[in-house]
Amino acid sequence: MFDNIADLLDKIRLGEDSYLELKEVRFTGPKVSAPHKDSLADELAAFANSRGGVCVLGVDDTREVLGIPLERLDLVEDFVRQICLDSITPPLTPVIERLTLPSTSGEQLPVLKVDVTGSLFVHKSPGGYLHRVGSAKREMAPDYLARLFQQRSQVRIIRFDEQPVPGATLDDLPTTCGSVLPAPACRTRARCCWTSSPWRVPMPTEHFALRLPAC
């Protein structure tokens, strides 16, 4: 998301929304003191529970690029990675990218771009089960959360051999998978009639048979 610098700068200029979060990074001694790890975990989990988004570390809420000291980029990346592994359940695996963005004075400053995709799972963070609503994160209502669990669990159990293939015919099946024994009259209506997909065409079993060798 926002795969080139120009697109990212345009988004930053417009400010936070459903897909963008900006965070200033501060340090106390050798440790990251801001953002707080629980707060960042909540932001990242909320993106994953929604449609994904990008968190830019090194840019504050006023959209000013403050950067991260070059010698502390490793420390901040480790901080983000540990949050994704230890503070979010199930763990997140975002793309963490190092970039330079221009400050108001034109100086190129290092930042971290944390790109979170919409997940197949529902993630819990220290603030609970959160999702993104505009530029804010909100706890999901119980009925909304139940529906999201249901939807995402169904998506995860779909197997490739059960997915609809619009326009497919029997001739598209590889002969190495076994033998196809359709009745001649049904060859033109054979698309995905062996699945429970929306493309399913109910047929008597004697009209269509697919024989696969034992694995």
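Look above for the structure.
Let us look at the structure shown here. None of these values were measured; they are calculated from a predicted model.

1. Some points on the sheet that holds strand 4 (residues 52-57)
- Taken in spatial order, the 4 strands line up as 1-4-6-5 in an open sheet, and their pairing is mixed. Whereas interior strands pair on both sides, the edge strands pair on one side only; in this sheet they are strand 1 (20-23) and strand 5 (95-102). The mean inter-strand angle of the sheet, taken between neighbouring strand axes irrespective of direction, is 25°.
- The pairing of strand 4 with strand 6 (residues 108-117) spans 6 bridges and is classified as antiparallel. If you follow Gly 53 over to strand 6, its bridge partner there is Val 116.
- Contacting strand 1, strand 4 and strand 6, helix 2 (residues 37-49) runs over the sheet at an angle of about 150° to strand 4.
- Here helix 3 (residues 73-86) sits on the sheet in contact with strand 4, strand 5 and strand 6, set at roughly 140° to strand 5.

2. Focus on the pairing of strand 4
- Of all 6 residues that make up strand 4, 6 are buried, and the element is covered over most of its length.
- A two-sided burial pattern is seen for strand 4, the buried positions comprising Gly 52, Val 54 and Val 56 on one face and Gly 53, Cys 55 and Leu 57 on the other.
- Pairing of strand 1 with strand 4 involves 4 bridges; the strand directions are parallel. Along strand 4, the bridge assignment pairs Glu 21 with Cys 55.

3. Regarding the nonpolar core
- Counting residues in hydrophobic clusters, the biggest one holds 22 residues, and the most contacted among them are Leu 40, Leu 44, Leu 57 and Val 80.
- Apart from the residues within four sequence positions on either side, Val 80 is in contact with Leu 40, Leu 44, Leu 57, Ile 96 and Val 114.
- Of all hydrophobic cores here, the second largest spans 13 residues; its members include Leu 22, Val 54, Leu 99 and Leu 109.

4. Description of the state of the cysteines
- Counting across every chain of the model gives 0 disulfides.
- Cys 55 forms no disulfide, and the closest cysteine sulfur to it belongs to Cys 84, at a distance of 9.8 Å.

5. Examining the packing of helix 2 against helix 3
- Packing of helix 2 against helix 3 brings their axes to within 10 Å, and their N-to-C directions diverge by 65°. Between helix 2 and helix 3, the angle is such that the two are roughly perpendicular. In this structure, helix 2 crosses over helix 3, and the sense of that crossing is right-handed. When helix 2 is examined against helix 3, the residues Lys 37, Leu 40, Ala 41 and Leu 44 are found in contact with a partner set consisting of Phe 79, Val 80, Ile 83 and Cys 84.
- In terms of residue class, the contact of helix 2 with helix 3 is made up of 7 nonpolar, no polar and 1 charged.

6. Some remarks on helix 2
- Taking 1.5 Å of rise per residue, the 13 residues of helix 2 would be expected to cover 18 Å, and the 18 Å separating its terminal C-alpha atoms lies within 8% of that figure.
- Where burial is concerned, most of helix 2 is hidden: 10 out of the 13 residues are buried.
- Buried within helix 2 are the following residues: Leu 40, Ala 41, Asp 42, Glu 43, Leu 44, Ala 45, Ala 46, Phe 47, Ala 48 and Asn 49.

7. A short note on the pattern of salt bridges
- Tallied over the full model, the rule gives 12 salt bridges.
- For Arg 132, the salt bridge identified is with Glu 43, shortest N-O distance 2.9 Å. Of this pair, Arg 132 sits in strand 7 (residues 130-133) while Glu 43 sits in helix 2, placing them 89 residues apart in sequence. When sorted by exposure, Arg 132 lands in the same class as Glu 43, which is buried.
- Notably, a salt bridge pairs Glu 77 with Arg 98, separated by 2.7 Å at the nearest N-O pair. Taken together, the residues span a long stretch of sequence, with Glu 77 in helix 3 and Arg 98 in strand 5 at a distance of 21 residues.

Reading the values: rules and limits
Here the residue numbers are simple positions, counted from 1 along each chain's written sequence. Note on the predicted model: pLDDT of at least 70 is required for a residue's local features to be given, and 80 or more for side-chain atom pairs to be given and counted; whole-chain, interface and lining totals, by contrast, use all residues. Computation of side-chain values: all heavy atoms of the structure, hydrogens and water removed. At least two bridges found by DSSP between two strands is the condition for calling them paired. The helix and strand labels rest on DSSP assignments: H or I over at least four residues marks a helix, E over at least two residues marks a strand, and numbering proceeds from the N terminus. Axis definition: a line fit to C-alpha positions, over the contact stretch in the case of helices; interaxial angles, taken between N-to-C directions, run 0 to 180 degrees. Whether two residues touch is decided by their heavy atoms; if any such pair falls within 4.5 Å, the residues are in contact. Only protein chains enter the accessibility calculation, which uses a 1.4 Å probe. A residue is then buried if its area is under 20% of the maximum for its type, exposed if over 50%, and partly exposed in between. As used here, the term nonpolar core means buried Ala, Val, Leu, Ile, Met, Phe, Trp, Tyr and Cys residues forming a set that is joined through side-chain atoms within 4.5 Å. Only a pair of cysteine sulfur atoms within 2.5 Å qualifies as a disulfide here. Angle categories: roughly parallel below 35 degrees, roughly antiparallel above 145, roughly perpendicular from 65 to 115, and oblique for all the rest. Whether a crossing is left-handed or right-handed is set by the direction in which the near helix is turned from the far one by less than a right angle, anticlockwise for left-handed and clockwise for right-handed. Ten residue types, Ala, Val, Leu, Ile, Met, Phe, Trp, Tyr, Cys and Pro, are classed as nonpolar, four, Asp, Glu, Lys and Arg, as charged, and the remainder, Gly among them, as polar. To estimate the expected span of a helix, subtract one from its residue number and multiply by 1.5 Å. For salt bridges, the criterion is a side-chain nitrogen of Lys or Arg within 4 Å of an Asp or Glu carboxyl oxygen.

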